[in-house]
Amino acid sequence: MITYEELASILNKYSLGELSSSSIEQITDGWVNLTCKFHIKTNGKTYILREYLPKEEQAIIFEDIQVELNFISYLFKQYHLPVVPMIDPPGIFLINNGHYCAIFPFIDGIKYINAPNKPVRQLWQTIEISRFLGRMHSIDKHNFGFTFNHRRINIVYTKYQLVNSCYDFEKDYPDLYKRIRQVLDEHTSQIPLIEDELEQIKFEENFEKDLPKGFIHIDIHDENVLFYHNQNKIAAVLDFDDMSFGPFLMDIAMTLCLWCSCGSKFNTDYAKEFLIEYQNARNMLLTNDEWNLLELYCYMTMFDQILFTIESRDSGRIIDEMINELILPIEQISQDKMFLKKIQ
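Criteria and thresholds
The numbering scheme is per chain: residues are counted from 1 as the chain's sequence reads. Given that the model is predicted, a residue must reach a pLDDT of at least 70 before its local features are reported, and side-chain atom pairs must reach 80 or more before they are shown or counted; all residues, however, enter totals for whole chains, interfaces and linings. With hydrogens and water set aside, each side-chain value is computed from the structure's full complement of heavy atoms. Buried Ala, Val, Leu, Ile, Met, Phe, Trp, Tyr and Cys residues form a nonpolar core when they are joined through side-chain atoms within 4.5 Å. Here's how the labels work: a residue is buried when its accessible area is under 20% of the maximum for its type, exposed when over 50%, partly exposed in between, all with a 1.4 Å probe on protein chains only. Numbering of helices and strands starts at the N terminus; helices are DSSP runs of H or I of at least 4 residues and strands are runs of E of at least 2. Either an automatic procedure or a domain database provided the assignment from which the domain bounds are taken. Throughout, a residue-residue contact means that at least one pair of heavy atoms, one from each residue, lies within 4.5 Å. We define a salt bridge as a side-chain nitrogen of Lys or Arg found within 4 Å of a carboxyl oxygen belonging to Asp or Glu. Geometry of aromatic contacts follows a simple scheme: Phe, Tyr and Trp rings, the Trp one being its six-membered ring, pair when their centres are within 6.5 Å, and the pair is stacked under 30 degrees between planes, edge-to-face over 60, tilted otherwise. Inter-axis angles, ranging from 0 to 180 degrees, are taken between N-to-C directions of lines fitted to C-alpha atoms, where helices are fitted over the stretch in contact. Reported orientations rely on four angle classes, namely roughly parallel under 35 degrees, roughly antiparallel over 145, roughly perpendicular from 65 to 115, and oblique for the rest. Under the convention adopted here, Pro, Cys and the residues Ala, Val, Leu, Ile, Met, Phe, Trp and Tyr are nonpolar, Asp, Glu, Lys and Arg are charged, and Gly plus all remaining residues are polar. Two N or O atoms count as a polar contact when they lie within 3.5 Å, although within protein this holds only if one can serve as hydrogen donor and the other as acceptor, and sequence-adjacent residues are included solely when both atoms are side-chain atoms.

A.B. asks: Explanation requested: the nonpolar core in the structure shown.
C.D. replies: One recurring pattern in soluble globular proteins is that nonpolar side chains are buried together. Of all hydrophobic cores here, the largest spans 93 residues; its most connected members are Phe240, Leu256, Leu294 and Phe303. With 13 residues, helix H10 (residues 288-311) is the single largest residue contributor to this core. In this structure, this core is formed jointly by two domains, domain 1 (4-105) and domain 2 (110-343), each of which donates at least three residues. Once residues lying within four places of it in the same chain are set aside, the contact partners of leucine 256 are Phe266, Ala271, Phe274, Leu275, Leu294, Cys298 and Phe339.

Encoded structure:
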């Protein structure tokens, strides 16, 4: 984590003001970044500092951060979407521990954290998210002055790992793993078990060749969205760390599962409204290929989240509760034979 002296020096170098004598406040300890809040004594402004944490399997690449932050700036300046561009200067900078950092304005908003025992989801929240997603997906990828080929989710890899590499988790949480495997085995037969990484990529590219593609957020969950306190509107969508180039269906399916769950129940009425508003905002109806694969991608995007949680379980988080929340919507979708008819 950045020290007080380091941050004070950076603020002084770029004439951003004098750091308040109060300590830097850590507000999140995320999976892939650390977020702190600090105050400027001279003007009373509040900022957020994000420290990018390297993952075990890969280093943080400066160019990837740069593309992410350029994309956020593009969404904000050209399309006036509710996102938070970084302060430039200082832009992206390196601190003494070797981690990259960026500074953002502080947005005062509220998070609605839906949980099985805390059903806070309301339809207006779901609709706001669907409109944001549709507008983001309506942007012509050819308008960008940069390219980005990063792809975080590989559905073939996800299935293979859940079947073949979760022995410790299966031993520690046999009931949870049984629930995972029941949905996986009964509803993802279109995805083969392939071990070779290049063959996984080859299959996926062919499988998705007719799906509309572009830039996707792939992580719009409750913790990454701020709403205004006194308006039923999004104040900011946060954390584009996992931004990828891929099928819009990835974003649609994952966000549908996360934002149409009310407490422990998946609400098909919300899902129907979500897709109506999304298509209106995208200015393009879902294609036949997207409709045909929507249910499968609901399963696979949630399984990706589940696998990520399993692989990160040494972090000390209570993963059984998290995985239960992730599997509930797809269990209910899998049990509803009329799911697609209800939401079309």
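A.B. asks: Can you help me understand the pattern of salt bridges in this one?
C.D. replies: Oppositely charged side chains may form a pair once their charged atoms are brought near each other. Per the stated rule, a full pass over the model turns up 12 salt bridges. A salt bridge links aspartate 222 to arginine 121; the nearest nitrogen and oxygen atoms lie 2.8 Å apart. Taken together, the residues span a long stretch of sequence, with aspartate 222 in the loop between strand E6 (213-216) and strand E7 (225-227) and arginine 121 in the loop between strand E5 (100-105) and helix H3 (123-137) at a distance of 101 residues. Like arginine 121, aspartate 222 is buried. One salt bridge in this structure joins lysine 342 and aspartate 336, with 3.0 Å as the shortest N-O distance. Three or more residues joined by partner-sharing salt bridges are found here, namely Arg50, Glu68, Asp239 and Asp241.

A.B. asks: I keep staring at the packing of aromatic side chains and nothing clicks. Help me out?
C.D. replies: Here a ring pair, both rings aromatic, is described through the centre-centre distance and the interplanar angle of the planes. Enumeration according to the criterion identifies 14 aromatic pairs in this entry. With centroids separated by 5.4 Å and ring planes inclined at 20°, the aromatic side chains of phenylalanine 203 and phenylalanine 207 adopt a geometry described as stacked. In this pair, phenylalanine 203 and phenylalanine 207 both sit in helix H7 (residues 197-207), four residues apart, roughly one turn of the helix. A relative accessible area of 23% means that phenylalanine 203 is categorised as partly exposed. The class for phenylalanine 207 is partly exposed, based on a relative accessible area of 21%. Three or more aromatic residues joined by ring pairs form one cluster here, namely Phe71, Phe215, Phe240 and Phe245.

A.B. asks: What is the right way to look at the packing of H10 against helix H11 (residues 319-335) in this model?
C.D. replies: Axis angle and axis distance: for two packed helices, these are the angle between their axes and the distance between the axes, and together they describe the pair. Running from N to C, H10 and H11 cross one another at 170°; their axes reach a closest spacing of 10 Å. Classified by the angle their axes make, H10 and H11 are roughly antiparallel. On the side of H10, the interface is formed by Glu295, Cys298, Tyr299, Met302, Phe303, Gln305, Ile306, Thr309 and Ile310, while H11 contributes Ile319, Met322, Ile323, Leu326, Ile327, Ile330, Ile333 and Ser334. Residues belonging to the contact of H10 with H11 are distributed by class as follows: 13 nonpolar, three polar and one charged.

A.B. asks: Honestly, helix H4 (residues 155-164) in this entry has me stumped. Any pointers?
C.D. replies: One full turn of an α-helix is made of 3.6 residues, so residues set three or four places apart face in the same direction. Burial of H4 is extensive: eight of the 10 residues sit out of reach of the surface. Where H4 is concerned, the buried positions are Ile155, Val156, Thr158, Lys159, Tyr160, Gln161, Leu162 and Val163. Here the buried face of H4 lies against helix H6 (174-187), H7, helix H8 (248-259) and H10. Measuring from the backbone nitrogen of valine 156 back to the side-chain oxygen at the start of H4 gives 3.0 Å, which picks out asparagine 154 as the cap.

A.B. asks: Is there a simple way to think about unusual backbone geometry in this case?
C.D. replies: Most peptide bonds are trans, and most residues other than glycine sit at a negative phi. The omega angle of the peptide bond from aspartate 88 to proline 89 is 5°, so this bond is cis rather than trans. Relative to the elements of secondary structure, proline 89 occurs in the loop between helix H2 (62-79) and strand E4 (93-94). Residues proline 89 and proline 90 are joined by a peptide bond in cis, for which omega reads 15°. Within the secondary structure, proline 90 sits in the loop between H2 and E4. With phi around 55°, serine 15 is a residue other than glycine that occupies positive phi space.

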